[in-house]
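Residue strings, one per chain:
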Amino acid sequence: MDATYTWELLANGVVLGSSYALLAAGLAVIFGVLNVVNFAHGALYMLGAFAAYFFIPLTGYWIGILLTAATMAILGIVLQEGLLRRLPPDGAFSRSMLLTLGLAMIIQNGAIVLWGAGPRQLPEDSRPQGHLLLGDVIIPTGRAFIVVVAVATLGALYLLLNRTQVGRAMRGVSQNPTAALVVGISPERIGRLAMALGVGLAGIAGATLTPVFTVSPQMGITIVFKVFAIVVIGGLGSVPGAVIVAYLVGMLESFAGGYGSAMTQSISVFLFMIAIMLVRPQGLFSTEVRV
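Please read these numbers as outputs of a predicted model, since none were measured by experiment.

Novice: Would you explain the overall build of the protein in this entry?
Specialist: If you tally the helices and strands in the protein, you get 11 helices and 2 strands. Its helices and strands taken in sequence order, the protein reads α-α-α-α-β-β-α-α-α-α-α-α-α from the N to the C terminus. Over its C-alpha trace the protein gives a radius of gyration of 19 Å, about what one expects of a compact globule, namely 19 Å for 291 residues. The dimensions of the protein, computed from C-alpha atoms along their principal axes, are 60 × 45 × 35 Å. Counting only residues that meet the buried cut, the protein has 46% of its 291 residues in that class.

Novice: Honestly, the environment of Thr-214 in this entry has me stumped. Any pointers?
Specialist: In this fold, Thr-214 is placed in the loop between α8 (187-209) and α9 (220-234). Taking the C-alpha atoms as reference points, Thr-214 and Gly-118, separated by 96 residues in sequence, lie 9.5 Å from one another. Contacts of Thr-214, omitting those with residues within four sequence positions, involve Pro-119, Arg-120 and Gln-121.

Novice: Help me understand the packing of helix α2 (residues 41-59) against α9 in this model?
Specialist: Taken N-terminus to C-terminus, the directions of α2 and α9 make an angle of 125 degrees; their axes are 8 Å apart at the nearest point. Between α2 and α9, the crossing angle belongs to the class labelled oblique. Considering how the two elements wind past one another, α2 and α9 form a crossing that is right-handed. Here His-41, Gly-42, Tyr-45 and Met-46 of α2 lie close against α9, whose contacting residues are Gly-220, Ile-223 and Val-224. Partitioned by chemical class, the residues of the contact of α2 with α9 number 4 nonpolar, 3 polar and no charged.

The rules behind these values
- Residues numbered from 1 in each chain as written.
- Predicted model: local features only at pLDDT ≥ 70, side-chain atom pairs only at ≥ 80, totals over all residues.
- Heavy atoms only, no water.
- Helix = DSSP H or I, 4+ residues; strand = E, 2+ residues; numbered from the N terminus.
- Rg over C-alpha atoms; globule rule 2.2 N^0.38 Å.
- Buried < 20%, exposed > 50% of the residue type's maximum accessible area, 1.4 Å probe, protein only.
- Contact = heavy atoms within 4.5 Å.
- Axes fitted to C-alpha atoms, helices over the stretch in contact; angles between N-to-C directions.
- Parallel < 35°, antiparallel > 145°, perpendicular 65-115°, else oblique.
- Left-handed = near helix turned anticlockwise from the far one by under 90°.
- Nonpolar A, V, L, I, M, F, W, Y, C, P; charged D, E, K, R; others polar.

Laid out in structure tokens, this is it:
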């Protein structure tokens, strides 16, 4: 296998990693602030893909992505206020797992009822056209846009979490909600923001893949387990850890599939997770400060 093929696998790994990073960052924000394990994350990613499927032909690629992000963020607030906030404090962690697992089943089966179980694809004229040439590597524009959107979104998330008062408030709530309330920070308001961010990021991940791959109600089933593995490897609640590991996993899967088989690609992330858990159970980038 020549060097061009290796570079193609590298480029594919960056694209995969960008999608995983958006999903993993959203999951890490939700867990870090709300201490909620969101098993509905894959179903929400699927809803984001379907939202983009309907928005992009009407508005174009970039506005469609923005509308999808806004729609999914609003849905996140609705879920937080209508469901998660109502969980009793006693046993909220385990109850949230059961609640979001049930929610995932409802969303997935509801999507099948509404849109059917078969895959859908954007019309040709609604997809980004052309390609980029990096040396001898040809990258379709739609795949390049996934990286561009992910880098811009994750950069904005970094600035929000580390350079704003809101980000400091989110970290305060994640560490001690009672102390945060004493100094005037509303845990409820921060919880709504965290859920909006997490679900919005899942929606963006789904939206960026819509012009490149087919969309179906089952598309979130397997990816949610990979994203959970990424968040565990990175350290629960660590957004930077989740993003870094997402790109590592994207590379790992790309090379495992390119030089191995589809089976090797499918199990590579879980083998990676097991290996890390054996030597560093808290995750690679776990710290006392979450988010």
